[in-house]
Amino acid sequence: LRKETHDGLKVNVKARLCLRGFKEVEKPRSDSPTVDRISNKILYAIAGNEGWKVESIDVTSAFLQGEDIDREVFVTPPKEAAMDGVLWKMVKSGYGLYDAGRKWWIKVIESMIKLGGKTLVGDESFVYFHRDGLLVGLISIHVDDFQGAGNSWFFKNVMDKICELFKISKREVE
């Protein structure tokens, strides 16, 4: 698969492993919340009112950065890596498995909470951060895309930490 980078100049060659989750015998819990449209509007309204910087982060290979799977899943390797009689045992939930999105979301929310965030009641993919009793930042989560807005402390202590925790493909300001 050829894919242009965000600057539009380079072309990267990428390989994707898509698993056939529809063939799974047991169907694990698969729900994975994404931010509500109204919550996104709230993020931008507060950012505008507070004069905050807004930043977008795109995570690469997000599902492979999620929680480990808690069941045995074996897959036939793609033809480029196949060897006779060899199967791969998955450790992470790859794209195509029922619970891939949920395992990723759990890892993200746990990471945000460790950084001091709290989820908004009614929208589990909208996270807010307080410091000394004041609101300092907001993050909305849509699968592998994060929108963040906040003050300089928030960007140094939350957004930069997120970029250390996960492999990021793109980080854009404003």
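To keep things clear, this report deals only with the structure shown in the data block.

Criteria and cut-off values
- Per-chain numbering applies: the sequence of each chain, read as written, is numbered from 1 onward.
- The model is predicted, so local features are restricted to residues of pLDDT at least 70 and side-chain atom pairs to those at 80 or more, both for listing and for counting; the totals for chains, interfaces and linings are taken over all residues.
- In computing side-chain values, all of the structure's heavy atoms are included and hydrogens and water are not.
- Secondary structure elements are taken from DSSP: a helix is a run of H or I of four residues or more, a strand is a run of E of two residues or more, and numbering for both begins at the N terminus.
- A 1.4 Å probe rolled over the protein chains alone gives each residue an accessible area, and that area as a share of the maximum for its type sets the label: buried under 20%, exposed over 50%, partly exposed in between.
- Every residue pair with non-hydrogen atoms within 4.5 Å of one another is taken to be in contact.
- The protein chains shown are the only cover counted for residues, whose accessible areas, like all others here, come from Shrake-Rupley with a 1.4 Å probe.
- At least two bridges found by DSSP between two strands is the condition for calling them paired.

## Comments concerning the overall build of the chain
- Along the chain, the regular secondary structure elements total 3 helices and 10 strands.
- Ordered by position from the N terminus, the helices and strands of the chain form the series β-β-α-β-β-β-α-β-β-β-β-α-β.
- Each of the 174 residues in the chain was classed as buried or not, and the buried ones make up 36%.
- Long-range pairs, those at least 24 residues apart, make up 61% of the contacts in the chain between residues at least 6 apart in sequence.
- Summed over its atoms, the accessible surface of the chain is roughly 10900 Å², and 51% of this surface lies on carbon and sulfur atoms.

## Let's talk about unusual backbone geometry
- Unusually for a residue other than glycine, D132 sits at a positive phi of about 50°.
- Secondary-structure assignment places D132 in the loop between β7 (123-131) and β8 (134-142).
- Taking the relative accessible area as the measure of exposure, D132 reaches 71% and is therefore exposed.
- The backbone of V143 sits at a positive phi, close to 55°, despite the residue not being glycine.
- Here V143 shows up in the loop between β8 and β9 (145-150).

## Things to note about the pairing of β7
- With 3 bridges joining them, strand β6 (residues 118-120) and β7 adopt antiparallel strand pairing. Each residue of the ladder has a partner; that of L120, found in β7, is D123.
- Connecting the antiparallel pair β6 and β7 is a turn made up of 2 residues, with G122 showing a positive phi of about 95°.
- As paired elements, β7 and β8 share 6 bridges and run antiparallel to each other. When the bridges of β8 are listed, H130 appears paired with L135.
- Where β7 folds back onto β8 in an antiparallel hairpin, the turn is made up of 2 residues, including D132, whose phi is positive at roughly 50°.

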